[in-house]
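Analysis of the macromolecular model
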Amino acid sequence: MKPNFFIIGAQKSGTTAISEYLKTHPNVSFSSPKEPHFFSPEFVGVCPVKDINEYLRLFRHNGQNIIAVGEASTGYLQSSTALENIFEFNPDAKIIVMLRNPIQLVKSLHSHLLFYGHEDEKSFEKAWHLQEERKKHKFLPKDPSLHYSLQYSNVMRLGTQLNHVLSVFPHKKVKVIIFDDFINNPKNTYHEILSFLDLPIDSRNEFPKVNQAKSLRFPIIICAIRKILPWRVRNLYRCRISSALFRMMFSNKAKNYQTPDTLYQEMRAIVEPEVKILSKLLNRNLDGWLR
């Protein structure tokens, strides 16, 4: 069986949690790693494999009763080519899109990227205002793999992105999950996804939070070291330190960043038309995201 479902984003909208829940379902085969990004070649250096055969080997079929084979590359939603590539690969594939208040999303994304070393500007406001310079390949972190995620204004264009998804795949093949609904009732959301994937309800009754936003415990020191050390050296040490140990040593619970009014108005100008597109596509009032 080749992959027949794809969780395509958005980032920081619950995709990791849903992926972890699905991995334990007896009728699911999930990729390892979670985000191979095979179908978005414009994201240079992200994909861990070279060709389709290597890609297919990322999926382990441990049982005889596999119904759903999937992966969760959150960059696919932003990609200009991934959806078309997936459709060419498997036109019957099912697409899961998880969406969140775009302003909350990018603030959480900044914390996530900063914590893992893909962003080196600890001020979200400064990182936001670096976007134009970063398009010109200036002021970029040494880590080369996730520079596309630093264009925070592009990440926020969820209405445009969902419209693109629905222009490629039939509506019946696309399941949209709103992050607020997932947080309020994860069990119900999980069961909706199982139904969408034609999977039977399993025995899962626990829905722990996964991949919560974190902040660096020593941001000034760590960011200074990251700017000095070459990425290969940093990556070598990161590979030798387990993720769990790194989180224990260097993480704090992320603080709620209060957006200055001028920055909020600038972000809202981008978000407002996107929310209108989403509301129309989903037939749902999402004006609460603008307050």
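Residues numbered from 1 in each chain as written. Predicted model: local features only at pLDDT ≥ 70, side-chain atom pairs only at ≥ 80, totals over all residues. Heavy atoms only, no water.

1. Looking at the overall build of the protein
Looking only at helices and strands, the protein features 14 helices and seven strands. Within the protein, the proportion of its 291 residues that are buried is 49%. Sequence separation of 24 or more characterises 75% of the internal contacts of the protein that already satisfy a separation of 6 or more. For the protein, the exposed area adds up to about 14800 Å²; of that, 53% sits on carbon and sulfur atoms. (Helix = DSSP H or I, 4+ residues; strand = E, 2+ residues; numbered from the N terminus. Buried < 20%, exposed > 50% of the residue type's maximum accessible area, 1.4 Å probe, protein only. Contact = heavy atoms within 4.5 Å. Areas by Shrake-Rupley, 256 points an atom, 1.4 Å probe, with all protein chains shown as cover.)

2. Focus on the pattern of salt bridges
On inspection of all chains with the given rule, the structure shows 10 salt bridges. We note a salt bridge from E119 to R134, for which the minimum N-O separation is 2.6 Å. Taken together, the residues E119 in the loop between α4 (102–116) and α5 (124–129) and R134 in helix α6 (residues 131–135) connect sequence positions 15 residues apart. By the burial criterion, E119 is buried, and R134 matches it. In this structure, E132 and K135 form a salt bridge, with 3.2 Å as the shortest nitrogen-oxygen distance. One end of the pair, E132, and the other, K135, are both in helix α6, three residues apart, so they sit about a helical turn from each other. On the basis of relative accessibility, which here comes to 49%, the residue E132 falls in the partly exposed class. Given a relative accessible area of 47%, K135 falls into the partly exposed group. Look at the salt bridges and you will find they share partners, linking E119, D120 and R134 into a network. (Salt bridge = Lys/Arg side-chain N within 4 Å of Asp/Glu carboxyl O.)

3. Description of the packing of helix α8 (residues 158–168) against helix α14 (residues 261–282)
Interhelical geometry of α8 versus α14 gives an angle of 40 degrees and a closest axis separation of 7 Å. On α14, the residues touching L158, G159, T160, L162, N163 and L166 of α8 are E274, I277, L278, L281 and L282. Of the residues in the contact of α8 with α14, the class split is seven nonpolar, three polar and one charged. (Axes fitted to C-alpha atoms, helices over the stretch in contact; angles between N-to-C directions. Nonpolar A, V, L, I, M, F, W, Y, C, P; charged D, E, K, R; others polar.)

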